[in-house]
Each structure stands twice: as C-alpha cells, then as structure tokens.
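# Summary of the model geometry
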Amino acid sequence: MPAFQIAAYTRSAALAAGLAGAAFAVAAPAAAQTLKAVKDRGALNCGISQGVLGFSTIDDKGVAAGFDVDFCRAVAAAVLGDPAKVKFTPLSTTDRFTALKNGQIDILSRNSTWTMSRETELGLAFPVVTYFDGQGFLLPKSRNVLSALELTGSKVCVQAGTTTDDNLADYFSANGMKFEAVKVSNAAEALAAYKAGTCNVLSSDISQLYGERLKLDVPTDHLVLPDVISKEPLAPVVRNDDFQWFTVIKWVGFALINAEEAGITSRNLPDALKSTKPDVRRLVGQDGNFGQQIGLSRDWAAAAIKAVGNYSEMFERNLGTQSKLGIPRGVNQNWLAGGILFAPPIR
C-alpha cells in the first residue's frame, strides 16, 4: 500500500474528508514525477468522457466544454499559468483507468465514482469530490410509473463495467424485483437502445440522465424519477504513486470551493487581490507561500479562478441555471447554503 494511503486523521480532517473528499495523510513524500512532466511538456493531458452533456463534450470544431473539462482547465491554469494548455482525450468507461495507469493521461476528469475497490485494486487515488451525484432512472411518461419500486419486469439499459451496473443489480435484488439488464458499452449506445425501444428504462447518474433526456425527440415525454438508489461521489482521478500531484489536484478543487465561500469570482478577482481579509489574501496568493509548498507559483489559485471562476460559476455555467440542463445545486450547495460542499481552509 502506498505510504500516503496510511492516513492519520484528526477529527476535523475526517469531517473534511467525508464532506469534500479530501485524503489527509501524514507520510513520507512519494515520487514527485507528474508535476515536473507536465511543466516540461508545457501541457496537461486530461482524459474526459466520450460525450456527457454538461460534463464533457467536444463540438464539430474540436472545442471541449463541460464541468469536467473546466476542472482540467483550472488545473492547467494553476500549474502552467494558461488554461488553454490542455490536451483532451475522450475515453470509454473500459479504457479510462487503463489510460491513466499507463501514463497516457495525467488526470482523469470523467464523471468517475470514487469507490474503495478502485483505490485498492486499481492503484488509483481520488483527490477531491467535485460533484455529489446518485443513480436514477429515465423512462417514458406513458408508462405511468412514479416510483422506482414500480419498475419490476423492466428492461433497463445500463453501461457495462460501471458502478451503475452493480448498483442496478443490488437495488432490484434488495427489493425482490425482477428486471432485464440491457448492457451497452457507452452512453451513446444506451440512448440509442432506449430510443429504439430495446429497453424501456435508462439508468445512470441523475446528472447524466438530465442531459440524455434533452437528446430525445420530445424531452417532455420522458421523466427522471425522484428516486436516488446510490451514492455517486464523482471525482477526478490520478495515479496513487505521486503524492505531490495528488496534492496539487486536491487543492485546486478546494481552492474553487473556498473561492465561492469567500465570494471571490472570476469577475471580482482584481478586487480580491487588493483585499485586506486574511483568508482572501492567502487564497489569492497575497500572503503566505502556499503555492510554493506544492510546487506552484504564488498566484496558482487566482489563476485557476480567473480561468474558470469559482465552484458556483463552473456549476451554473455547465450544469445549473445558465445551462440547458438546469440541474438544481441540491447537496452540491456550499455548506453555508445548506449543502455538503466543504473545503479545508488555506492557512
């Protein structure tokens, strides 16, 4: 087991880990290779999905967009000073972790669920939860189904080799219900099968179902059930043998969350740089040497915020009120607004 996984948690650190996905460790430094490789290369290699509306898509001009895409741009800005210095590689659910492990990418930012087995068996690490999701069901309104407990006998389209597949089997088994799983290799195949009537239910993360519904001929003829059958903490992923890189990714995520809490946005960043508030000054690099401690410049967090905005800006632009999806913040609200989004302080 890598040294940094043998963590010594304080009570406050354990709380932060539970709410925002941090892994605080007291350990000897591991090999620090990725940060140097990214700086020497002058570009960040980021793995994304093959197309999940709101999270990562590539248009016909080759321009990538989405919540997961923006996170990689924030990392590029923090590490290289330029959010454009990113190469995006679309990856399937089967290829995503292999591409990370073999060094094809530096970071996987692809709506991936943090689970214990993915850390212990695959040798991966999940630095910070960026989106708290849950699995649900999309189906035609014409079925007159209002609860997932009424889905017995359904044909359910699901991506093979995902936590979604496992959760589906667990849910129907636990409730004594029968179903037929129609297993496909990616989201496009799942939607095509649903459109063709090969299955009469589509199951995935609820955030993804909102996007898939918009791709249907008449979106209003379909509904996402209110039932949430799993916990799906979505997080960027890195290899578990480089604690310095793990730390960089973790704190870029925390910086965006802390920026929202402090009221710092991409628009008022110039004012924040002149602030007299200690927590703001530390965050934007006016006090302390927090960037240097992890191998970055003093203004690493300010560069990330300037590139993509704070967490709220990133969420609303891609998934929330300013997007076609219109997904409510829900539990992804900052803790001060009643959500569970929480980041340790920079101090």
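Remember, predicted model here, so these are calculated numbers, not experimental data.

Conventions and cut-offs
Residues numbered from 1 in each chain as written. Predicted model: local features only at pLDDT ≥ 70, side-chain atom pairs only at ≥ 80, totals over all residues. Heavy atoms only, no water. Buried < 20%, exposed > 50% of the residue type's maximum accessible area, 1.4 Å probe, protein only. Helix = DSSP H or I, 4+ residues; strand = E, 2+ residues; numbered from the N terminus. Pairing = 2+ DSSP bridges. Axes fitted to C-alpha atoms, helices over the stretch in contact; angles between N-to-C directions. Parallel < 35°, antiparallel > 145°, perpendicular 65-115°, else oblique. Left-handed = near helix turned anticlockwise from the far one by under 90°. Contact = heavy atoms within 4.5 Å. Nonpolar A, V, L, I, M, F, W, Y, C, P; charged D, E, K, R; others polar. 1 Å grid on protein atoms, 1.4 Å probe; cavity = no way out; pocket = protein on both sides within 12 Å on 5 of 7 lines; lining within 4 Å. Points joined across faces, edges and corners; volume = space filled by probe spheres on them. Disulfide = S-S within 2.5 Å. Salt bridge = Lys/Arg side-chain N within 4 Å of Asp/Glu carboxyl O. pLDDT = per-residue confidence, 0-100. Polar contact = N/O pair within 3.5 Å; in protein donor to acceptor, adjacent residues only side chain to side chain.

### Looking at the pairing of strand 13 (residues 232-239)
- Along strand 13, eight of the eight residues are buried, which leaves the element largely enclosed by surrounding structure.
- Bridge count for strand 7 (residues 131-133) against strand 13 is three bridges, and the pairing is antiparallel. Paired with D133 across the two strands is E232, which belongs to strand 13.

### Some remarks on the packing of helix 9 (residues 243-262) against helix 13 (residues 300-308)
- The contact between helix 9 and helix 13 brings their axes to 10 Å, and the two run at 70°. The angle between the axes of helix 9 and helix 13 places the two elements in the roughly perpendicular class. Both helix 9 and helix 13 take part in a crossing whose hand is right-handed. Each of W251, V252, A255, L256 and A259 in helix 9 lies in contact with helix 13, whose residues at this interface are W300, A301, A304, I305 and V308.
- Looking at side-chain class alone, the contact of helix 9 with helix 13 contains 10 nonpolar, no polar and no charged residues.

### Quick look at the layout of surface pockets
- Empty space within the largest pocket amounts to approximately 320 Å³.
- What lines the largest pocket is a set of 18 residues, and nearest its centre among them are Y131, F132, D133, I206 and V228.
- For the lining of the largest pocket, the elements supplying multiple residues, two or more each, are strand 7 and helix 8 (206-214).
- The class makeup of the residues in the lining of the largest pocket is 11 nonpolar, five polar and two charged.

### What to know about the state of the cysteines
- Inspection of every chain in the model, using the stated rule, returns two disulfides.
- With a sulfur-sulfur separation of 2.0 Å, C46 is cross-linked through a disulfide to C72. Residues C46 and C72 are joined through a disulfide that is right-handed, its torsion about the S-S bond being 75°. Of this pair, C46 sits in strand 1 (residues 44-48) while C72 is found in helix 3 (residues 67-80), placing the two residues 26 residues apart along the sequence.
- Among the cysteines of the protein that take part in disulfides, numbered as they appear in the sequence, the pairing is 1-2, 3-4.

### Section: the pattern of salt bridges
- Across all of its chains, the model carries nine salt bridges by this definition.
- The salt bridge involving E212 is made with K215; its shortest N-O contact spans 2.9 Å.
- Judged by relative accessible area, E212 falls into the buried class, the value being 3%.
- Judged by its relative accessible area of 35%, K215 falls in the partly exposed class.
- R329 is paired through a salt bridge with E260; the nearest N and O atoms lie 3.2 Å apart.

### Observations concerning the environment of T130
- Here T130 lies in the loop between strand 6 (124-125) and strand 7.
- With 103 residues separating them along the chain, T130 and P233 place their C-alpha atoms 7.7 Å apart.
- What T130 contacts, discounting residues up to four positions off in sequence, is F67, F71, L234, A235, P236 and Y311.

### Quick word on the sheet that holds strand 11 (residues 201-205)
- Here we have five strands laid out as an open sheet, ordered 10-9-11-8-12, and mixed in their pairing. If you trace the sheet from one side to the other, it starts and ends with strand 10 (179-184) and strand 12 (222-224), each paired once. Averaged over all neighbouring strand pairs, the angle between strand axes comes to 25°, with direction disregarded.
- Here strand 9 (residues 154-159) pairs with strand 10 via six bridges, running parallel. Bridging from a neighbouring strand, V158 pairs with K183 of strand 10.

### Thoughts on the confidence of the model for the protein
- Taken over all residues, the pLDDT of the protein has a mean of 90, while the share at 70 or more is 91%.
- In this model residues 1-30 is a low-confidence stretch, pLDDT under 50, and it forms 53 contacts with partners more than four residues away in sequence or in other chains.

### Some details on the side chain of S49
- By the secondary structure assignment, S49 is in the loop between strand 1 and strand 2 (57-58).
- One polar contact links S49 to S56, side chain to side chain, over a distance of 2.6 Å.
- Among all residues touching S49, those that are not within four sequence positions of it are S56, P90, L91, R110 and N111.

### What to know about the pairing of strand 8 (residues 135-140)
- In terms of burial, strand 8 is largely enclosed, as six of its six residues are buried.
- Alternating residues of strand 8 divide into Q135, F137 and L139 and G136, L138 and P140, and every residue in both groups is buried.
- Relative to strand 11, strand 8 runs antiparallel, the two sharing four bridges. Residue pairing across strands places Q135 opposite D205, the latter belonging to strand 11.

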